[in-house]
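Residues per chain are reported as follows:
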Amino acid sequence: MRIGELAARAGVSVRALRYYEEQGLLTSTRSASGQRHYTQPAVERVTFLQRMYAAGLSSRTIAELLPCVDAPSAETSAAALERMAEERDRLTDHIEELIRTRDALDGLMATNRAHRESLRTA
């Protein structure tokens, strides 16, 4: 199938498919005129990539996880699980930092409210 058909079937843009290829996450063959052609399993591959992106993973991390998909084994599965755990820890740290930032903003807002109230009563 051609790139437009894959994009439609997988629910992504043609630009996204080109990006996936640039990142080494998706492969195609080329016709004599240079048009990309994909096989049916590419639809499932793109859907999988979308799930990985939705989980907050970068292209680089996804590329590190693909051996578990492309050549499943106990070793690649263990490596993928370890890498995903690292990403989860990174996300947890980021969430904690965002909570601290939000709490600091809440403090500033409370100070502002108190100041506004003092202006009304003065």
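As a reminder, the structure under discussion sits directly above these lines.
This one's a predicted model, so the numbers in the text were calculated from it and none came from an experiment. (Residues numbered from 1 in each chain as written. Predicted model: local features only at pLDDT ≥ 70, side-chain atom pairs only at ≥ 80, totals over all residues. Heavy atoms only, no water.)

Visitor: Looking at this structure, how should I read the overall build of the chain?
Guide: Counting secondary structure elements, the chain contains five helices and two strands. Ordered by position from the N terminus, the helices and strands of the chain form the series α-α-β-β-α-α-α. Taken against the 2.2 N^0.38 rule, which gives 14 Å for 122 residues, the C-alpha radius of gyration of the chain at 23 Å runs more than 25% over that of a compact globule. Summarising its shape, the C-alpha atoms of the chain cover approximately 80 × 35 × 20 Å along the three principal directions. Across the 122 residues in the chain, those meeting the buried criterion constitute 25%. Element-wise, carbon and sulfur atoms account for 56% of the exposed surface of the chain, whose accessible area totals about 8600 Å². (Helix = DSSP H or I, 4+ residues; strand = E, 2+ residues; numbered from the N terminus. Rg over C-alpha atoms; globule rule 2.2 N^0.38 Å. Buried < 20%, exposed > 50% of the residue type's maximum accessible area, 1.4 Å probe, protein only. Areas by Shrake-Rupley, 256 points an atom, 1.4 Å probe, with all protein chains shown as cover.)

Visitor: Would you mind showing me how to read the side chain of Thr61 here?
Guide: Within the secondary structure, Thr61 sits in helix 4 (residues 59-70). A polar atom in the side chain of Thr61 sits 3.1 Å from the side chain of Arg83. With residues near it in sequence (within four places) discarded, Thr61 still touches Arg83 and Glu87. (Polar contact = N/O pair within 3.5 Å; in protein donor to acceptor, adjacent residues only side chain to side chain. Contact = heavy atoms within 4.5 Å.)

Visitor: Is there a simple way to explain the environment of Asp103 in this structure?
Guide: Note that Asp103 resides in helix 5 (residues 74-121). Take Asp103: its relative accessible area is 41%, and that puts it in the partly exposed class. Sequence-wise, Asp103 and Leu66 are 37 residues apart; in three dimensions their C-alpha atoms are separated by 38 Å.

Visitor: Help me understand the pattern of salt bridges, please; the structure alone is not making it clear to me.
Guide: Side-chain pairs of opposite charge can arise where the charged atoms are in close proximity. Applying the stated rule across the entire model yields 10 salt bridges. Across the pair Glu87 and Arg90 runs a salt bridge whose closest N-O atoms are separated by 2.9 Å. Here Glu87 and its partner Arg90 are both found in helix 5, three residues apart, which amounts to about one turn of the helix. Accessibility expressed as a relative area gives 40% for Arg90, which makes it partly exposed. What emerges from the salt-bridge pattern is a single network uniting Glu64, Arg83, Glu86, Glu87 and Arg90. (Salt bridge = Lys/Arg side-chain N within 4 Å of Asp/Glu carboxyl O.)

Visitor: Honestly, the packing of helix 1 (residues 3-10) against helix 2 (residues 14-22) in this entry has me stumped. Any pointers?
Guide: For the pair helix 1 and helix 2, interaxial distance at closest approach is 9 Å and the crossing angle is 105 degrees. One way to sum up the angle between helix 1 and helix 2 is to call them roughly perpendicular. Together, Ile3, Gly4, Leu6 and Ala7 of helix 1 and Val14, Leu17 and Arg18 of helix 2 make up the contact between the two elements. For the contact of helix 1 with helix 2, the class distribution of residues is five nonpolar, one polar and one charged. (Axes fitted to C-alpha atoms, helices over the stretch in contact; angles between N-to-C directions. Parallel < 35°, antiparallel > 145°, perpendicular 65-115°, else oblique. Nonpolar A, V, L, I, M, F, W, Y, C, P; charged D, E, K, R; others polar.)

Visitor: What should I look at first to understand the environment of Pro67 in this one?
Guide: Following the sequence through the fold, Pro67 ends up in helix 4. Sequence separation between Pro67 and Thr92 is 25 residues, and the spatial gap between their C-alpha atoms is 25 Å. Apart from the residues lying within four places of it in its own chain, the contact partners of Pro67 are Pro72 and Thr76.

Visitor: Teacher, can you tell me more about a nonpolar patch on the surface here?
Guide: Among the surface-exposed residues, Leu91, Ile95 and Ile99 lie close enough to one another that they form a single nonpolar patch of about 230 Å² accessible area. With respect to the helices, strands and loops of the structure, Leu91 is situated in helix 5. For Leu91, a relative accessible area of 30% gives the class partly exposed. (Patch = residues over 30% accessible without salt bridge, like charges linked within 9 Å, V, L, I, M, F, W, Y side chains within 5 Å.)

Distances and angles like these do not, on their own, reveal function.
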